[in-house]
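Structural description and commentary
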Amino acid sequence: MQKNILIIGACGQIGTELTFTLRKKHGSDVVIASDIREGNEHLVGSGPFELLDATDYDALEELVAYYEIDEVYLMAAMLSATAEKFPMRAWNLNMNSLFNVLNLAKEKKISKIFWPSSIAVFGPNTPKVHTLQNTIMEPSTVYGISKQSGERWCEYYYNKYGVDVRSIRYPGLISWKTMPGGGTTDYAVEIYHKALSDGEYTSFLSADTKLPMMFMDDAIRATLEVMESDAEKIKIRSSYNLAAMSFTPLEIAESIAIHIPKFKISYQPDSRQAIADSWPSSIDDSKAEKDWGWKAEFDLERTTSEMFKNLNT
Ligand code: SER
């Protein structure tokens, strides 16, 4: 039976590519894109699109009933740097949208949920290298606190109400179709655009700040793989650690210089440095590998080649 899918936050960095991929796979008519504002014209024109405030339960419930939605991908969230500026707005958006979707599933109005978590669930007391699935988690950012709480609630709804919710702790995501907005890992996208337009980039993180990162194609594949796996394989109902590569601003600059030899990087750390310093530098994702066969394909070199190939055309 064909399933109808709703993507909330479809105009964001992940939502855009997820919408295109799911429409290609299942057909445009069954993948309903929604966002609080109209973003990418191509996306809005490529299938059903609805304006939706994810914190409005009644509006969400109506949309789900109208389109007979089975699965929801909740990609709307306020990211780490913006959330530090608007703590209450971030908390309200990140938590209430999740509760709305979890409660729809509890009421059996939808049958499956994808909700993204993040490396931001870890904090300054977490061991930084090959950070394990189960370790100290004392996030020090509003965004991280909302994601950690969200993970606890996902697991709770699974245990108490049998809600089929699946989640991944995304690292920083690198993509060329849509810019990220308001995150700490955004530099790793901006740097490619600036390398092409200006031949130089001023990084808001220091040269040696190593963070876990992933190319968007890997992230989308992981998302579909975790959603398509048999339910009994998904043993973790909070959120899975996921990894592909880790690098510093200096290392990404070196990989860019292979393509643009004159490229120059300088460093002016701002308030985002403290956020980055509280996160792991690398992640152990062996549980995702063991439970549902996860394996990353893109390293830094391949990511840089793909970024330039697509941004240049
Ligand atoms: N990429 C996100 C951010 O920087 C982390 O999940 O906020």
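Presented here is a report on the structure given in the accompanying data block. Small disclaimer: the values here were computed from a predicted structure and weren't measured. (Residues numbered from 1 in each chain as written. Predicted model: local features only at pLDDT ≥ 70, side-chain atom pairs only at ≥ 80, totals over all residues. Heavy atoms only, no water.)

Moving on: the sheet that holds strand S9 (residues 211–215). Within the open sheet, the three strands sit side by side as S7-S9-S11. Their pairing is mixed. Because the sheet does not close on itself, it has two edges, and the strands there are strand S7 (172–174) and strand S11 (245–247). This sheet shows a mean twist of 45° between the axes of neighbouring strands, independent of strand direction. On the sheet, helix H7 (residues 187–197) packs against S7, S9 and S11 and is oriented at approximately 25° with respect to S7. (Pairing = 2+ DSSP bridges. Helix = DSSP H or I, 4+ residues; strand = E, 2+ residues; numbered from the N terminus. Axes fitted to C-alpha atoms, helices over the stretch in contact; angles between N-to-C directions. Contact = heavy atoms within 4.5 Å.)

This part covers the site of the ligand. In the vicinity of the ligand, the residues found are Leu79, Ser80, Ser118, Tyr143, Gly183, Thr184, Thr185 and Trp279. One nitrogen or oxygen atom from the side chain of Ser80 is found 2.6 Å from an oxygen atom belonging to the ligand. Within the backbone of Thr184, a nitrogen or oxygen atom sits 2.6 Å from an oxygen atom of the ligand. In isolation the ligand offers 240 Å² of accessible surface; the protein chains occlude 93% of this area. Classifying every residue of the shell around the ligand by side-chain character gives three nonpolar, five polar and no charged. (Near = heavy atom within 4 Å. Polar contact = N/O pair within 3.5 Å; in protein donor to acceptor, adjacent residues only side chain to side chain. Areas by Shrake-Rupley, 256 points an atom, 1.4 Å probe, with all protein chains shown as cover. Nonpolar A, V, L, I, M, F, W, Y, C, P; charged D, E, K, R; others polar.)

Looking now at a negative patch on the surface. On the surface, a cluster of negative charge is made up of Asp53, Asp56, Asp58 and Glu62. Along the chain, Asp53 turns up in the loop between strand S3 (49–51) and helix H3 (57–66). (Patch = residues over 30% accessible without salt bridge, like charges linked within 9 Å, V, L, I, M, F, W, Y side chains within 5 Å. Salt bridge = Lys/Arg side-chain N within 4 Å of Asp/Glu carboxyl O. Lys, Arg positive; Asp, Glu negative; His and termini not counted. Charge placed at Lys NZ, Arg CZ, Asp CG, Glu CD.)

Further remarks concern the pairing of strand S4 (residues 71–74). A two-sided burial pattern is seen for S4, the buried positions comprising Glu71 and Tyr73 on one face and Val72 and Leu74 on the other. Alignment of S4 against strand S5 (residues 112–118), held across three bridges, turns out to be parallel. From the neighbouring strand, Tyr73 faces S5, where its bridge partner is Phe114. (Buried < 20%, exposed > 50% of the residue type's maximum accessible area, 1.4 Å probe, protein only.)

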